[in-house]
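Working through the structure, step by step
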Amino acid sequence: MKNNWNLLGHEWAVDMLKQHVANDTARHAYLLAGPPGVGKRTLALRFAQALNCRNSSVPGEPCGDEKNCRECRQIPEMKHPDLSIIQSEEDSSTLKVDQIRELLHTLSLKPFSAKYRVSIFLRFHEANANAANALLKTLEEAPAHAILILTADTPEQLLPTIISRCEILRLRPLSASVVEQDLIRQGVNIERARLIAHISGGKPGYARRLLEDDQLLDMREQKLEDLQSLLPATRVERFAYADKLSKDKDGMRRTIHIWLSYWRDVMLRAAQANVNIVNADRNAEIEMLANQLDLSRARKVVSSLEDALGKLDANVNARLLAEVLFLDMPVVNGIQA
Amino acid sequence: MKVTVLQENLARGLSIVSRAVSPRSTLPVLANIMIASDEGRLRLSATNLELGITCWIAARIEEEGSTTVPSRTFSDLVNTLPADQVKLSLDTATQTLNIRGGTSTNDVKCIDAQEFPPLPVPDLKGAVQLNVADFKEMIQQVAFAASTDEARPVLMGVLVQVEKDKLTMAAADGFRLSVRKAVLGSSYGSFNAIIPARALNELARIAHDGEETIAMVVPKGRGQVVFRVKDVELVSQLIDGTFPDYHQIIPRNYKSRTLVSTASLLKACKQAEIFAREGSNVARLNIKSANGDMQPGEVEISATSEETGKNETIVEATVDGSGVLIAFNVKFLREVLEVVKSPNVALETGAANSPGVVRPVGDDNFLHVIMPMHLG
């Protein structure tokens, strides 16, 4: 049977949602949780498409005919009249109560042309408390024609009152080999596909971004080089780098993310865990680092990086934060490859 | 597409449909007006997904076609063109509309008409035929009482009920209720719908008294209502939900019935409002029954404001029953008196804490209920 959901992985979630459409038992609210780039938005859009496609021959399958089916053309483009996408505005990092109120008004009206009014809330963990509370009543008693789909990195970031009103689907990263196979199918050469699949950590959306934006890979390379040269460096050199790093807060956040995934690998190796590491291209150095540091020291670095990320969001002085980070980082000699 | 139209027709059509344009929408195409050739005429449509307006204007069609034009640009441009022929021609490949009027030629970038949400094509057979003047009066008497509070969407609409040859419209916002009945020219199947008050107000604006009838259809299962006036069609999404049973709110009996001149009571209310609006809009009505045969009854309307001062107006009245001291939101009282058409109005009151009913004298088709306020 042809599968028009066209989604990489998450077969169990697709099957379940398909059943919901086919049996007409769609819940009024879903929460799709999973790390960024794992496929939450794509899954939500496909579900909206399956719910509203009018030419579907198999229940639960959208027809996928972009030429003749308005629903199958406009929903993936997020341009359908009965589809609302709610997310933080570009210049702000929170989802505001006004956006929710506007949506509630739309929801009080019957659908424009399709069967359901589908509202997709992207990154709902960015909603401030007022916005989340404004949605509560609707989330509990949604109109019969409304389907609400929330997405968030983890359910724990949301109010417990929100979570308890949704059916939760937790999307996990796919295995790197699945992403790799998919990239190869798209015509990416094997070497590159393997590297990207590993760095993406099994998140197809992130993999696509890495594929499209060469700068992301270059930046990763650069930052890992920096980390290597900093490990044996003196305090003065480290502080000079901290000063440079803290100039651009967004860049600093991304840098810490890259280092975090690297140190996580070191920790895994130090613990002698038999799992695939993310930064497979740097396996040799990671092994070496893991040999020199014990598990508890590697773990300390990981937790200090995580701690720094949290503090960065809480608007702590970036320069002081970077300096503390480097003070905590162990001095390691002789890993230069 | 190649079309020639008269500037004045196009400008009029654009001013009608542009009311439904939503400039700040997540769908860019909704900021546009769709133009399409349609059986020898040019069809203009705009929608904000809640309200859609379509207007047909006379045109000479040389080549069929359709596109969507940015509303602001199009309207502003057409308004500046000389009152003569305007030539519209579309380059389909680049979706650029060339607009020629007088000596000016303009190229406007458009969005493919395929992206525009399809407006329903209603079957006007079996549509309820309404007299324009009567229906506009009904809208005027009811729609103002609808709520503006998003928290209860159902109350933001007007309940429209058709049963055989009877038409009833009702709106309420939790503090007041307006009900207006009318008898239709012929008999129809019964249905009811909650229509957003905004859509009805827009309809009243579009329909001109000279035109004979408004046709109203509620197509089955679409969740929409369609009104057709001559060459304009207005589509509104219906509000989903059940309208509260308002019959329970209408008091069955009263202690006193006060007959007053509509104009003098309205004037007294306007005066009281000048003071009442500073505070919480409270006006006190002291209704005094006749003292002996020679003296008429009266209503004393007063409002007090801490800052502005106070006011008191006495209006002559015929009071049937005992006197009462009651307070109302004077804005609500003024608004209903403004839509009462009869020269005299009856105010039916019970205790100071039970709702008052306003009815035009000699007209059983309209009634208005207002909740009282604390005397304070």
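Note that this is a predicted model, so its numbers are computed, not measured.

Calculation criteria
- Residues numbered from 1 in each chain as written.
- Chains lettered and ligands numbered in written order.
- Predicted model: local features only at pLDDT ≥ 70, side-chain atom pairs only at ≥ 80, totals over all residues.
- Helix = DSSP H or I, 4+ residues; strand = E, 2+ residues; numbered from the N terminus.
- Buried ≥ 20, exposed ≤ 12 C-beta atoms within 10 Å, placed from the backbone.
- Contact = placed C-beta atoms within 7 Å.
- Axes fitted to C-alpha atoms, helices over the stretch in contact; angles between N-to-C directions.
- Parallel < 35°, antiparallel > 145°, perpendicular 65-115°, else oblique.
- Arc of directions from axis to C-beta.
- Nonpolar A, V, L, I, M, F, W, Y, C, P; charged D, E, K, R; others polar.
- pLDDT = per-residue confidence, 0-100.
- Pairing = 2+ DSSP bridges.
- Right-handed = clockwise from strand over helix to strand, strands pointing away.
- Core = buried A, V, L, I, M, F, W, Y, C linked by C-beta atoms within 7 Å.
- Left-handed = near helix turned anticlockwise from the far one by under 90°.

This part is about the overall build of chain B. Each helix and strand counted, chain B has six helices and 24 strands in total. Counting only C-alpha atoms, chain B reaches 85 × 50 × 35 Å along its principal axes. Across the 376 residues in chain B, those meeting the buried criterion constitute 42%. In chain B, 68% of the contacts between residues at least 6 apart in sequence involve partners at least 24 apart.

Another point: the overall build of chain A. Within chain A, the regular secondary structure consists of 15 helices and five strands. For chain A, the spread of C-alpha atoms along the three principal axes comes to 65 × 45 × 30 Å. Counting across all 337 residues of chain A, residues that qualify as buried make up 38%. Put simply, 70% of the contacts in chain A that link residues at least 6 apart link residues at least 24 apart.

Turning next to the packing of helix α14 (residues 295-313) of chain A against helix α15 (residues 318-328) of chain A. Residue and element names in this part refer to chain A. Between α14 and α15, the least distance of the axes is 10 Å, while the angle of their chain directions is 175°. Put simply, α14 runs roughly antiparallel to α15. Where α14 approaches α15, its residues S304, A308, K311 and L312 are matched on the opposing element by A318, L321, L325 and D328.

All names here are of chain A. For α15, the full list of buried residues reads L321, A322 and L325. Buried residues along α15 cover an arc of 100° about the axis, so they all sit on one side. In α15, the exposed positions angled more than 90 degrees off the buried face are occupied by L320 and L327. Here the buried face of α15 lies against α11 (235-245), α12 (249-270) and α14.

To continue, consider the interface of chain B and chain A. Tallying the contact residues gives 14 residues for chain B and 14 residues for chain A. Broken down by class, the residue content of the side of chain B that touches chain A amounts to seven nonpolar, three polar and four charged.

The subject of this paragraph is the confidence of the model for chain B. Looking at chain B, pLDDT values average 91 and 99% of them are 70 or higher. The ipTM value of the predicted complex is 0.70, and its pTM value is 0.79.

All names here are of chain B. Bridging between strand β11 (residues 157-172) and strand β12 (residues 176-196) involves 14 bridges; their strand directions are antiparallel. In the strand pairing of β12, K164 is matched with Y188. Between β11 and the antiparallel strand that follows it, β12, lie three residues; G174 among them carries a positive phi value of about 95°. As judged from the five bridges shared by β12 and strand β23 (residues 366-370), these two strands associate in the antiparallel manner. When the sheet's bridge partners are listed, R180 is paired in β23 with F366.

Residues and elements named next belong to chain A. Along strand β4 (residues 146-152), seven of the seven residues are buried, which leaves the element largely enclosed by surrounding structure. Burial along β4 is two-sided: the residues A146, L148, L150 and A152 and I147, I149 and T151 are all buried. With five bridges connecting them, strand β1 (residues 29-33) and β4 associate as parallel partners. Bridge assignment links A29 to a residue of β4, and that residue is L148. For the segment spanning strand β3 (residues 117-121), helix α5 (residues 129-140) and β4, crossover handedness is right-handed.

Before going further, it helps to examine the nonpolar core. Counting 117 residues, the largest nonpolar core has I33, V158, A283 and F328 of chain B as its most contacted members. With nine residues, β11 of chain B is the largest single contributor of residues to this core.

Further remarks concern the packing of helix α1 (residues 7-17) of chain B against helix α2 (residues 71-80) of chain B. Residue and element names in this part refer to chain B. Orientation of α1 relative to α2, taken along the N-to-C sense of each, is 145°, at an axis distance of 9 Å. Relative to α2, the crossing made by α1 is left-handed. On α2, the residues that touch Q7, L10, A11 and L14 of α1 are F74, S75, V78 and N79. Tallied by class, residues from the contact of α1 with α2 come to five nonpolar, three polar and no charged.

All names here are of chain B. Reading across from one edge, β5-β1-β7-β8-β9 is the order of the five strands in this open sheet, with antiparallel pairing throughout. Single-partner strands in this sheet number two, and they are β5 (60-63) and β9 (104-109). Geometrically, the sheet is characterised by an average inter-axis angle of 20° between neighbouring strands, direction not taken into account. In this sheet, strand β7 (residues 85-91) lies alongside strand β1 (residues 2-6) in antiparallel orientation, the contact comprising five bridges. Looking at the pairing, V3 lines up with L88 of β7. The strands touched by α1 are β1, β7 and β8 (96-101); relative to β1, the strand with the most contacts, the crossing angle is about 90°.

Attention now moves to the confidence of the model for chain A. Taken residue by residue, chain A gives an average pLDDT of 86. The fraction at 70 or more is 98%. Mean pLDDT in chain A bottoms out at helix α8 (residues 190-200) of chain A, which sits at 84, and peaks at β1 of chain A, which reaches 94.

Attention now moves to the sheet that holds strand β6 (residues 66-70) of chain B. Strands belonging to one sheet form pairs held by backbone hydrogen bonds; the direction of such a pair is parallel or antiparallel. Residue and element names in this part refer to chain B. Spatially, the eight strands line up as an open sheet ordered β6-β2-β3-β4-β15-β14-β13-β10, and their pairing is antiparallel. In the strand order of this sheet, the two ends are held by β6 and β10 (128-131), each with one partner. For this sheet, the mean angle separating the axes of adjacent strands, direction not counted, is 20°. As paired elements, strand β13 (residues 213-217) and strand β14 (residues 224-229) share four bridges and run antiparallel to each other. Bridging from a neighbouring strand, A215 pairs with R228 of β14. Helix-sheet contacts for α2 involve β2 (32-38), β3 (41-47) and β6, and the interaxial angle to β6 is about 85°. Most of the contacts of helix α3 (residues 132-142) go to β10, to which it runs at about 85°, and overall it touches β10 and β13.

To continue, consider the environment of R220 of chain A. Among the structural elements, R220 of chain A can be located in helix α10 (residues 214-230). Once you skip the residues sitting within four places of it in the chain, R220 of chain A turns out to touch I199 and I258 of chain A.

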